[in-house]
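Coordinate analysis (summary)
This is what each chain is made of:
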Amino acid sequence: MGWPWSLIIKIQLSVGITNADHIGQVCTTWGHYHWKTFDGNFFHLPSTCNHVVASQCKNSFENFNIQMRRKIVNDIPTISNIIMKLDSSVVELSNSSVIVEIDNKYQNQTCGLCGNFDGVSNDFMKDGKILVSMQLMAVALKHPVSLWIFHDSHCQNLLDVESFSKVCMADMCNSEENIDSALCKTIAEYSRECIHAGGQPQPWRNATFCCKGAVYSSSCTDSCSTPQSSQTCDSHYSDGCRCPAGTVFDDISNTGCITVDQCPCLHNNNVYKSGESYSYTCGSCFCESGQWTCTEENCPGTCSVKGGAHINTFDGKVYTFHGDCSYVLAKHDNGSLYTVLVDLVKCGLADSRTCLRAVTLGLYSNSVVSSRHMHPCTYLIITKLCNLHQNSELSAFSPSSFYILISLKMGIQVMVQLSPMMQVFISAHPSLKGTTSGLCGNFNDIMSDDFRVISGLVEGTAAAFANTWKTRASCPDITTHFGHPCRQSIKSYAEYWCSKLADPKGVFAPCHSVISPNIYKDNCMYDTCNCETSEDCMCAAVSSYVYACAAAGIQLTGWRATICGKFSTSCPAETVYDYNMTCCSRTCRSLNQADYSCQTNFTTVDGCGCAEGTYMNEAGQCVSSESCACYDKDNIIPPGQAVSKDGFTCVCRQGVLSCSGGAELLISSPSCVAPMVYFDCSTAQPGTTGTECQKSCSTLDMACISTGCTSGCMCPDGLVSDGAGGCINETSCPCLHNGQVYQPGQTLSVDCNTCYCNERKFTCTTNVCDAVCGIYGDGHYVTFDDKRFDFNGECEYTLLQDYCGTGQSNGSFRIITENVPCGTTGTTCSKTIKIFLEVNTTHIHCVHVHKMGIYLVVMINPGLVLMWDQKTSLFIKLSPQFQGQVCGLCGNYDGNSKNDYTTRSQVTVADVLEFGNSWKSSSDCPNAQLLTDPCASNRYRAAWSQKQCSIITSVTFQSCHPKVDPGPYFDSCVRDSCACDTGGDCECLCTAVAAYAKACNEAGACIKWRTPKLCPIFCDFYNSPGDCEWHYKPCGADCMKTCRNPSGNCSNLITALEGCYPQCPPTQPYFDEDTMKCAAWDQCGCYDDINTHYSIGEKVPSNNYNLSFLTFYNKALNICYTLRNCLPDGITLTTSILLKENSINSIR
């Protein structure tokens, strides 16, 4: 990745598809030793030696060198060997010709048989004398086809017809091969040269001449999977087989050329004909003309706590939080219907090792709960296998020894996994959408606001969000933990077992198309490395994937024969293991009482239980019906069973719970810091609550669900805890956001809104803010709806377009990225950006290009802005007017990240590869494949990468950590630094860190992180000797007055961007973007009506423009198309902007 960068911008306006003239950049050799140089000289070199075709010989570094050798096969000269070292060159190969096309930046720098590329036909001259001449026999041998093609009106004015005619006649006289074969090669070369010259030769092959027909058209073939490929094709025409007009190539079922309405659809590697459909758990999809039309029923939301730290919200947000308190996992907004609490505790040597210890469910709770007035089923603590419990509001039972299910009448199901470790899964009925809150989020189908808290704002990090849902005022706030727990000693073990989840041929593969295994594999690696009992944690992570698949309708069986088999072979005596275990009609209670487990629909689970025909008694033994006791509403705790109460272990003996350590607790009454007082539960009335219900500023709005009185220090009546060990009045409580305290009346800016603190909550303006899609480093993407993914494909891909919906025929823009390899591990980087604009009587575009810091900013109308660092980072900003109107790798911008993986054929998939591959611009490109961790492939780079990237989690960025989670950026940085193993490793590192710094800047945390030793930017380069105008600004500068923008007004979509900025003196207040100097207004020069810049004294050409093809030149960086009144009816102009590396070309 360590290559030089600059800008190419091409703006083409033409009717239909253009085929621009670039004949002066093409050298070719073909047929019977024939050559044509870049500058148009023809010659004949009958040689079988190895020759330099073209090389860069007039520079200190050779960017390319192309060599070639011919050999004689059956008396016919044939190209036998080609050696290429390439950069910014294109070589086309066929069985009889080689075409070399190079960039204009190499003019007058080449050597070899292709000439010096100086634009003058003097390749055979030195000191004004001809060194070699080409002698061609001009025999008056006529061939009707050759005469016709050489006088094709589409080509004859573009090429040197005389030279081609001489070559053709020489071949027919001298060639040892068949005359027609030799003739075909030269005519084919003539046709190709015509294409390079901007022409379009007519079909000339037929069944009797040159074997077969050929069509000259766009080299990008429209197909069923890429039906708009030709509309974004900027390469020249080529000869070959093409589908007739009105048809596309069927690249899905390979049936040849068909009409679009006959195109089939593809889903999960299965082909569906137009008119066929498939169904899934919550909906169905119908195939029509190669596009899916899907209808979804209201699906339940699922939230989970896995591995004691990994939380998935109802709307799909995934985060890791290492808590040490009781937290609200989910509750109804008004707090009265239900509340689910989870107790997270530290359970290992490291702070990052936390476990789920208890799940508490509360119903119809009041602010104070006592056993005297609460319903007997108001709460249920689950710590071990419990007995059946049911009433009109809930039912609770154990479908297997591994799980307990609690089902609430209002639409909540709580599935608690007990083995190999406690995990919890909550399912919410669609009718509860928008009514939930807690760690599980608000269930409104918008993932980006899942961290919204009671104060009304969205927190920036998981820790700041989760801390607001503590139920105990005495618990400390948790800070964010950085780093991955995997050490090399345990990483291999974790990688071996956890990788089985993602094995495309493994036992879990049938579920991959529905539930992506990637996050589950990552959690498995994290937990296995983080846990003292690695196997238990690994198996818990694996079982969570199995559960997710079952919830989606995919039941996996047989997997324990491959992994975690000990849990299926260690069932208690008289019980059996099953992948679909149930307790329906298999308990002694079910013989004389209604069995509510048979009336509840729930996700299939595995585990141990009684075999069919046997029944479980109160001792958990599977017995025959003759051995069952009878039950009458009694809840039994068998003698000797241990339970946990208030942190003490209590054992049932002789009907009394004897708790170890309880007596010592009652003896001492610790002192409290004033004004707190000690509350002793042993002297309180039954049903009184203790410190578990102590109110704090952050818990004032939460109902207390008491599971038992807890003694400790409390604030006196009328005061609440301030969270720091003191007590304050409720009216003095501040507002909290991202770990910062705001007193009543204080204001802050959040995105495009202003918020002020009032009575512990923020009141904000209601502006609808812009959204941003980011692509940076080695294939890291963040969609408009904040979904993160990595995708490494080597092709051109549609990042964003508004040609969406059925047919995808109406739109105004497309943005394409070209990804190229940037290492040996398969990672790719985005290094070329192409923008295609539709200009007609309804779509008028204003394009403004500015240099701001290290970024190139392209503004297309007020609502679309691109910010590109001219390396591998691109950020696209859209205004709200585009919500739900766009598609591509950046997602659909509808607020719901769950459907961001919507393919070009309009179906939502789980696999990021299937999603990414669907947005290829050409079906000729290979599909991207799953890549291994580059740090595992380059272990020698892993330690260096982690050390260098640790700046992201260091004190340098400390002020940003509460605002923007550094975890994903750190992981991306390490991955990129490991992957860049072919040079440019520091560039990969710097790009990754800069991406986090930009996110911090937009969140309001300006970080000055660059140093002379780490990713320096030397702005003094732009200063003239003795001047000090240019300075580095880590968070950008205000919009400057420039010669092109004298008002100094910029789009509000453009955020402050880091880089070098001038401080222009009052005498020269305008910045001239063409000269990169400060200037007075009378030094700015002139601009014509299309904003082309002319220096003082420079002549301005007459304004004669052809509407069918307008040509502007490279200083026209600001172009506004105001052709509404000029366009004839039916004329559409296609505009393309190309941002690319290495050189500055003309704008067309």
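Since this is a predicted model, take the numbers as computed values, not measurements. (Residues numbered from 1 in each chain as written. Predicted model: local features only at pLDDT ≥ 70, side-chain atom pairs only at ≥ 80, totals over all residues. Heavy atoms only, no water.)

1. Considerations on the side chain of Asn467
Definition in use: Numbering of helices and strands runs from the N terminus; a helix is a DSSP stretch of H or I covering at least four residues, while a strand is a stretch of E covering at least two. In this scheme, a residue with accessible area under 20% of its type's maximum is buried, one over 50% is exposed, and one in between is partly exposed, where area comes from a 1.4 Å probe on protein chains only. Contact definition: two residues touch when any of their heavy atoms are within 4.5 Å.
Positionally, Asn467 belongs in helix α4 (residues 462-467). Given the relative accessible area of 9%, Asn467 is considered buried. Every residue in contact with Asn467, bar those within four places of it in the chain, is listed here: Phe321, Asp477 and Ile478.

2. Some words on helix α12 (residues 967-979)
This is how it is decided: To estimate the expected span of a helix, count its residues, drop one, and scale the result by 1.5 Å.
When the terminal C-alpha atoms of α12 are compared, their 18 Å separation across 13 residues agrees well with the 18 Å that a helix rising 1.5 Å per residue should span. Tyr969, Phe970, Ser972, Cys973, Val974, Arg975, Asp976, Ser977, Cys978 and Ala979 are the residues of α12 that are buried.

3. Re the sheet that holds strand β20 (residues 283-288)
In plain terms, the rule: Following DSSP output, two strands are said to pair if at least two bridges run between them. In this analysis an axis means a line fitted to C-alpha atoms, helices contributing only their contacting stretch, and an angle means the value between N-to-C directions, from 0 to 180 degrees.
The strand order across the open sheet built from three strands is β19-β20-β21, with neighbouring strands paired in antiparallel fashion. Of all strands in the sheet, those with a lone pairing partner are β19 (277-280) and β21 (291-296), marking the two edges. Taken over all neighbouring pairs, the strand axes of this sheet differ in orientation by 20° on average, direction set aside. With four bridges joining them, β19 and β20 adopt antiparallel strand pairing. By the bridge assignment, Tyr280 is partnered in β20 with Gly283.

4. Topic: the pairing of strand β50 (residues 761-764)
When strand β49 (residues 753-758) meets β50, the two strands line up antiparallel, connected through four bridges. Directly across from Tyr756, in β50, lies its bridge partner Thr763. Between β49 and β50, which pair antiparallel and follow one another directly, the connecting turn spans two residues, one of which, Glu759, has a positive phi of 55°.

5. Considerations on the sheet that holds β50
The strands making up a sheet are joined through hydrogen bonds of the backbone, oriented either antiparallel or parallel. Read across the sheet, three strands follow the order β48-β49-β50 without closing on themselves; strand pairing throughout is antiparallel. Strand pairing shows two members of the sheet lacking a second neighbour, β48 (747-750) and β50, which therefore form its edges. Neighbour to neighbour, the strand axes of the sheet diverge by 35° on average, direction disregarded. Sheet analysis places β48 next to β49, joined by four bridges and oriented antiparallel.

6. A short note on the nonpolar core
Note the cut-off: Nine residue types can take part in a nonpolar core, namely buried Ala, Val, Leu, Ile, Met, Phe, Trp, Tyr and Cys, and a core is a set of them joined through side-chain atoms within 4.5 Å.
In terms of nonpolar packing, the biggest core is built from 49 residues, with Leu329, Val424, Ile426 and Leu439 touching the most fellow members. Core analysis: the second largest hydrophobic core is formed by 47 residues, Phe882, Cys887, Trp919 and Ala928 among them.

7. So, the confidence of the model for the chain
Using the following cut-off: Note: pLDDT gives the predictor's confidence per residue, expressed from 0 to 100.
In the predicted model, the chain carries a mean pLDDT of 79, and 80% of its residues have values of at least 70. Across residues 661-668 the pLDDT falls below 50, and counting only partners more than four positions away or on other chains, this stretch makes five contacts in the model. In this model residues 1141-1148 is a low-confidence stretch, pLDDT under 50, and it forms 50 contacts with partners more than four residues away in sequence or in other chains.

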